[in-house]
Amino acid sequence: PGLAKTYRALCMGLLSDHQLDHLRAGVDLKGGLGFSAPAEVVVESFEEKPNPKTWIRVTIGEGKNRQVRRMLHGVGSGVLKLERVRIGGLELDSRVARAGEWRVLSDKELRLHLGYEPRIIIEKGPTLLGPATRGPRRTQGPTQGPTQGPTQGPTQG
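The model shown is predicted, which means the values in this text are computed figures rather than measured ones.

**Concerning the pairing of strand S1 (residues 5–12)**
Most of S1 sits inside the fold, with six of its eight residues counted as buried. Judged from the eight bridges that link them, S1 and strand S3 (residues 53–60) form a sheet pairing that is antiparallel. Following the sheet pairing, Arg8 is matched in S3 by Arg57. Taken together, the seven bridges between S1 and strand S4 (residues 79–87) define a ladder with antiparallel strand orientation. Within the sheet, the bridge partner assigned to Ala9 lies in S4 and is Leu82.

**What about the environment of Val79?**
Relative to the elements of secondary structure, Val79 occurs in strand S4. C-alpha separation for the pair Val79 and Leu10, spaced 69 residues apart in sequence, amounts to 5.9 Å. Not counting residues within four places of it along the chain, the set of residues in contact with Val79 comprises Leu10, Arg69 and Leu72.

**With respect to the nonpolar core**
A general feature of soluble globular proteins is that nonpolar side chains tend to end up buried together. Formed by 18 residues in total, the largest nonpolar core has its most connected members in Leu23, Ile56 and Leu72. Of all the elements in the fold, those that place two or more residues in this core are S1, helix H1 (17–25), S3 and helix H2 (67–74). Excluding residues that lie within four positions of it along the chain, Leu72 makes contacts with Ala9, Cys11, Leu15, Leu23, Ile56, Ser77, Gly78 and Val79.

**Looking at the pairing of strand S2 (residues 40–47)**
Taken together, the seven bridges between S2 and S3 define a ladder with antiparallel strand orientation. Bridged to Phe46 within S3 is Thr54. In sequence, S2 turns back onto S3 through a hairpin of five residues.

**Some details on the pattern of salt bridges**
Applying the stated criterion to the full structure yields seven salt bridges. Where Glu44 meets Arg8, a salt bridge forms, and the shortest distance between an N and an O atom there is 2.7 Å. Pair noted here: Glu44 is in strand S2 and Arg8 is in strand S1, with a separation of 36 residues, a long-range link. With relative accessibility at 31%, the residue Glu44 sits in the partly exposed group. Residue Arg8 is classed as partly exposed on the basis of its relative accessible area of 22%. A salt bridge links Glu62 to Lys64, with the shortest nitrogen-to-oxygen separation between them at 3.7 Å. Accessibility expressed as a relative area gives 25% for Lys64, which makes it partly exposed. Each of Arg8, Glu44, Arg57 and Glu83 takes part in salt bridges that share partners, so that together they form one network.

The rules we used
Residues numbered from 1 in each chain as written. Predicted model: local features only at pLDDT ≥ 70, side-chain atom pairs only at ≥ 80, totals over all residues. Heavy atoms only, no water. Buried < 20%, exposed > 50% of the residue type's maximum accessible area, 1.4 Å probe, protein only. Helix = DSSP H or I, 4+ residues; strand = E, 2+ residues; numbered from the N terminus. Pairing = 2+ DSSP bridges. Contact = heavy atoms within 4.5 Å. Core = buried A, V, L, I, M, F, W, Y, C linked by side-chain atoms within 4.5 Å. Salt bridge = Lys/Arg side-chain N within 4 Å of Asp/Glu carboxyl O.

Right, dumping it as structure tokens:
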């Protein structure tokens, strides 16, 4: 299994104990993806009106294509809303960062929450040098003055 990912999902219908047990045990994901590995599933709440719905938290150790959606479809439900709330030990708070926003993780967060050892990346090239430290800019070919013609090599005679 990979890094644990936890999702909060609003599901269609009131999920039964049988459906929840099926989610926990593993579900056929169809489309050639095989079965999901066992998952941790916790019911947060039920909403009965106007349409029955169930809020759950699902923690998976895999990351197959649209896995949580496929799991719920496999037990006869569907997803109305889905958000990732945790990766490894790193809590993702939607109140702090809106959808589409991102930030660079600190070395401590990488080690502590995700189990990764940060790598130092050294970029080479003129992008790291400011304009004052760059040498003269060069255009296409050698520079020619206004009265100079093209440079000629040795003549054959």
